[in-house]
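# Breakdown of the fold
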Amino acid sequence: MEQTENKITVRVQMKTAAMFDFLYWHSYSGVMGIINYGFSLAALVALFAGFGKGNPMATIALIVLALLFTVINPLLLLQKADKQIRRTPMFAKPITYSFDEKGFEVAQEGESGFAAWEEVVLVRETKKTLVLYLGAANAIVLPKDQCADEMPEIKRLLKTARPCFVSKLKK
């Protein structure tokens, strides 16, 4: 929320909506997301085409399958996101991120760590978040609603340092 010469600092409080966006993207992007939606669509088509007609168990199974990946699983992901926010001590207090040409610092409660831009292995942007992956199990999730003013400058730094990720960023 503060911008000094060549350094951008944002303070972020992780919320359920941002965590849900992150979890949803992981569950529904790529091949598995297409397959999941495909199963639900196929069940819906089968239901409307009359499969299971006269067999209440088959009809119920088709309805559940149609709702599984389009309604039920997203609700479970929302519940998981809420539980993760409430049970993870790190998310109880705001996290401060400071970005510059070399990388970014993550600080909370007197502890901090620095990551160079070269350590970022993957970048994903959704409507609500910008995610910087530092490995398979380590990601920085930046909720756009909390750092909207600084987002263009953060993206500029990222594009300059890691041009290979330019295509992953929205305009």
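No experiment lies behind these values; they were computed from the predicted model shown. (Residues numbered from 1 in each chain as written. Predicted model: local features only at pLDDT ≥ 70, side-chain atom pairs only at ≥ 80, totals over all residues. Heavy atoms only, no water.)

Turning our eyes to something else, we now look at helix H2 (residues 30–49). Over its 20 residues, H2 extends 28 Å from the first C-alpha to the last, a length consistent with the 28 Å expected when each residue adds 1.5 Å. Check the buried side of H2 and you find it contacts helix H1 (16–28) and helix H3 (56–87). The first or second residue beyond H2 is Gly50, which carries a positive phi of 100°. (Helix = DSSP H or I, 4+ residues; strand = E, 2+ residues; numbered from the N terminus. Expected span 1.5 Å × (residues − 1). Contact = heavy atoms within 4.5 Å.)

Turning our attention to the environment of Tyr133. Tracing the sequence through the fold places Tyr133 in strand S7 (residues 129–135). Residues Tyr133 and Val121 lie twelve residues apart in sequence; the distance between their C-alpha atoms is 5.7 Å. Ignoring any residue separated from it by four or fewer positions in sequence, one finds Tyr133 in contact with Phe22, Trp25, His26, Glu119, Val120, Val121, Leu122, Val123, Arg124, Asn138 and Ala139.

Looking now at the pairing of strand S3 (residues 95–99). With five of five residues buried, S3 lies mostly within the body of the structure. Neither face of S3 is left uncovered, since the one carrying Ile95, Tyr97 and Phe99 and the one carrying Thr96 and Ser98 both have all their residues buried. One ladder, built from five bridges, connects strand S2 (residues 7–12) with S3; its direction is antiparallel. Residue pairing for S3: Val10 is matched across the bridge by Tyr97. Where S3 and strand S4 (residues 103–108) come together, four bridges link them in antiparallel fashion. Following the sheet pairing, Thr96 is matched in S4 by Ala107. As consecutive antiparallel partners, S3 and S4 are separated by three residues. (Buried < 20%, exposed > 50% of the residue type's maximum accessible area, 1.4 Å probe, protein only. Pairing = 2+ DSSP bridges.)

Counted under the stated rule, the structure contains one cavity of 30 Å³ or more. Estimates place the volume of the largest cavity at around 30 Å³. Among the elements of the structure, H1, strand S6 (122–125) and S7 are those that each provide at least two residues to the lining of the largest cavity. Here the residues of the lining of the largest cavity sort into four nonpolar, two polar and two charged. (1 Å grid on protein atoms, 1.4 Å probe; cavity = no way out; pocket = protein on both sides within 12 Å on 5 of 7 lines; lining within 4 Å. Points joined across faces, edges and corners; volume = space filled by probe spheres on them. Nonpolar A, V, L, I, M, F, W, Y, C, P; charged D, E, K, R; others polar.)

Turning to the packing of H1 against H2, a few remarks are in order. Here H1 crosses H2 at 80°, and the two axes come no closer than 6 Å. When the axis of H1 is compared with that of H2, the two are roughly perpendicular. For the pair formed by H1 and H2, the contact residues are Tyr24, Ser27 and Tyr28 on the first element and Gly30, Gly33, Asn36 and Tyr37 on the second. Tallied by class, residues from the contact of H1 with H2 come to three nonpolar, four polar and no charged. (Axes fitted to C-alpha atoms, helices over the stretch in contact; angles between N-to-C directions. Parallel < 35°, antiparallel > 145°, perpendicular 65-115°, else oblique.)

Okay, helix H4 (residues 151–161) next. Because the α-helix completes a turn every 3.6 residues, residues three or four places apart line up on one side. What H4 keeps buried is the set Met151, Ile154, Lys155, Leu157 and Leu158. Buried positions in H4, seen along its axis, are confined to an arc of 160° and lie on one side of it. Among the exposed residues of H4, those oriented more than 90 degrees off its buried face are Pro152 and Thr160. Looking at the buried residues of H4, the elements they touch are S2, S3, S6, S7 and strand S8 (138–143). (Arc of directions from axis to C-beta.)

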